[in-house]
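What follows is each chain in one-letter form.
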Amino acid sequence: MYISDHEGLTTFCKRVATSRVLAIDTEFLRERTYFPRLCLIQAATPDESAAIDPILIDDLSPLARLLTDESITKVFHACSQDLEVIYDALHCVPGPIFDTQLAAAFLGHRQQIGYGALVDACCGVRLPKAESLTDWSRRPLDAEQLAYAEDDVRYLPGIYDQMMAELIMRDRLPWLAPEMAELVSPAHFMRVPEEAYLHLRRSGSLTRRQLAIAREVCAWRESAAARRDVPRKWVVSDELIVEACKRAPRTLDRLRRIRGAESLGERDAKALIEAVGRGASCPAEKCPSARRKDRPSPDTESVIDLMYAMLRLVAERSGVATQLIATRDDLLEFVSHREESRLAHSWRYELAGRQLTDLLEGKVGLTVKDGRVETL
């Protein structure tokens, strides 16, 4: 079903409002803009699926109301970008949600399994890939494109039912719930210009003072990119920002000495210099903390290697993906600041933290039997 007018959208939303589950996916473009451009919304219940055209429909409020209806579980696969796009376009956060990619990691599938692989594993269906590079902003959309788009949600209600049954059977639904809740935290998709520097590439070598400059420059770039609706790198590249933070130019001449700065217009060049000045004059106590990570000692590295072997064994036995349980950084934190580590709390402690504690205290060990790692 292709919905391209407000009347059709209203009718569809009223019809599916009684459904207990609604699968959602989006198609969008963001290569040439700051804000992602929503091009298509796919929705499916156990009984029907539809492709909703947000380019042709001006008022999407019926869909926004549906997405925030607490009586309907919204099912996504790898929802992070979809939630961001929906938040920008419809000004709402869908909920409650169920992410099949996240749930799959609790049920024996690999971490971050793709949608096609999951459909194959759960439904025995191999999806075509012919339209994966489609320009979804072009109109009209043909039947083949719409069928491909609807395939992205067609199987999700059935997969949701399978997963819920297995999660309940394994008593893992309480494990999953807080992880799902974290996905819809506004911190993931609300943009705060003053925090943009946290995503600056190659900033690990910057001092606290240089990070204060980066905070000001990135905040300026973020606001400029949003105002012009262009990608951040079109305003100024990460590489140029990092170099500007290190050199702290206070004049146009000194800024132009940095490779790449010659492409900046005079207005942007002056704004960048002003941002550098604000960062350079920031009181020392208000400068951000340095982002460098201290490398663990060789002995600690060896301990973490042993812990990771134990972690992989736990993951294999439980069917929960290794990276979902913990990363190597989590293991280092568990060694260094155990009570602050997420491995010391909730389901992660029950599943792996307790065994890792026994390993660190010498109560258990690891050995190799028949080519496989086993506990002693």
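Owing to the predicted nature of the structure, the values given are computational and were not obtained by experimental measurement. (Residues numbered from 1 in each chain as written. Predicted model: local features only at pLDDT ≥ 70, side-chain atom pairs only at ≥ 80, totals over all residues. Heavy atoms only, no water.)

## Some words on the pairing of strand β2 (residues 21-29)
It is a general feature of regular strands that their side chains alternate between the two faces of the sheet.
No. 1: β2 sits mainly inside the fold: 7 of its 9 residues count as buried.
No. 2: Looking at chain direction, β2 and strand β5 (residues 73-76) are connected through 3 bridges and run parallel. Counted as the bridge partner of Ala23 is Val75 from β5. (Buried < 20%, exposed > 50% of the residue type's maximum accessible area, 1.4 Å probe, protein only. Helix = DSSP H or I, 4+ residues; strand = E, 2+ residues; numbered from the N terminus. Pairing = 2+ DSSP bridges.)

## Some words on the environment of Ser318
No. 1: Take Ser318: it is sitting in helix α14 (residues 298-318).
No. 2: Residue class for Ser318 comes out buried when judged on its relative accessible area of 10%.
No. 3: In this structure the C-alpha to C-alpha distance between Ser318 and Phe106, which are 212 residues apart in sequence, comes to 8.5 Å.
No. 4: In contact with Ser318, not counting residues within four places along its chain, are Arg170, Arg172 and Leu351. (Contact = heavy atoms within 4.5 Å.)

## Notes on the side chain of Arg172
No. 1: The residue Arg172 is located in the loop between α7 (156-169) and α8 (173-183) in this model.
No. 2: Here Arg172 occupies a buried position and makes no salt bridge, while the nearest side chain of opposite charge, Glu166, is found at 6.8 Å.
No. 3: Other than its neighbours up to four places away in sequence, Arg172 contacts Phe106, Leu167, Ser318, Gly319 and Val320. (Lys, Arg positive; Asp, Glu negative; His and termini not counted. Salt bridge = Lys/Arg side-chain N within 4 Å of Asp/Glu carboxyl O.)

## A closer look at the domain arrangement of the protein chain
Many descriptions give the size of an interface as the accessible area lost when the pieces come together.
No. 1: One can read the domain layout of the protein chain as domain 1 (2-188), domain 2 (193-286) and domain 3 (298-375).
No. 2: The C-alpha-based centres of domain 2 and domain 3 are spaced at 41 Å. (Domains from an automatic or database assignment.)

## Some details on the sheet that holds β2
No. 1: Read from one edge of the open sheet, 6 strands run β1-β4-β3-β2-β5-β6, paired in mixed fashion. The outermost strands of the open sheet, each flanked by one partner alone, are β1 (2-3) and β6 (97-99).
No. 2: Sheet topology note: the β1/strand β4 (residues 49-52) ladder contains 2 bridges and is parallel. Pairing of Tyr2 across the sheet is with Ala51, part of β4.
No. 3: Along the sheet, helix α6 (residues 143-154) makes contact with β1, β2, β3 (37-44) and β4, crossing β3 at roughly 60°. (Axes fitted to C-alpha atoms, helices over the stretch in contact; angles between N-to-C directions.)

## As for helix α1 (residues 6-16)
No. 1: Every buried residue belonging to α1 is among Leu9, Phe12, Cys13 and Val16, and all of these are buried. One face of α1 carries all of its buried residues, which in axial projection span an arc of 95°. In α1, the exposed positions angled more than 90 degrees off the buried face are occupied by Glu7 and Lys14.
No. 2: Of the surrounding elements, those touching the buried residues of α1 are β1, β2, β3, β4 and α2 (61-67). (Arc of directions from axis to C-beta.)

## Examining the pattern of salt bridges
Where charged atoms from two side chains of opposite charge approach closely, those side chains can pair.
No. 1: Counted according to the given criterion, the structure contains 28 salt bridges.
No. 2: Across the pair Asp88 and Arg191 runs a salt bridge whose closest N-O atoms are separated by 2.8 Å. Pair noted here: Asp88 is in helix α3 (residues 80-90) and Arg191 is in the loop between α8 and α9 (208-228), with a separation of 103 residues, a long-range link.
No. 3: Judged by relative accessible area, Asp88 falls into the buried class, the value being 19%.
No. 4: Between Lys270 and Glu266 there is a salt bridge, with its nearest N and O atoms 3.1 Å apart. Here the residue Lys270 and the residue Glu266 both occupy positions in helix α13 (residues 266-280), the gap between them amounting to 4 residues, near one helical turn.
No. 5: Classification of Glu266 as partly exposed rests on a relative accessible area of 48%.

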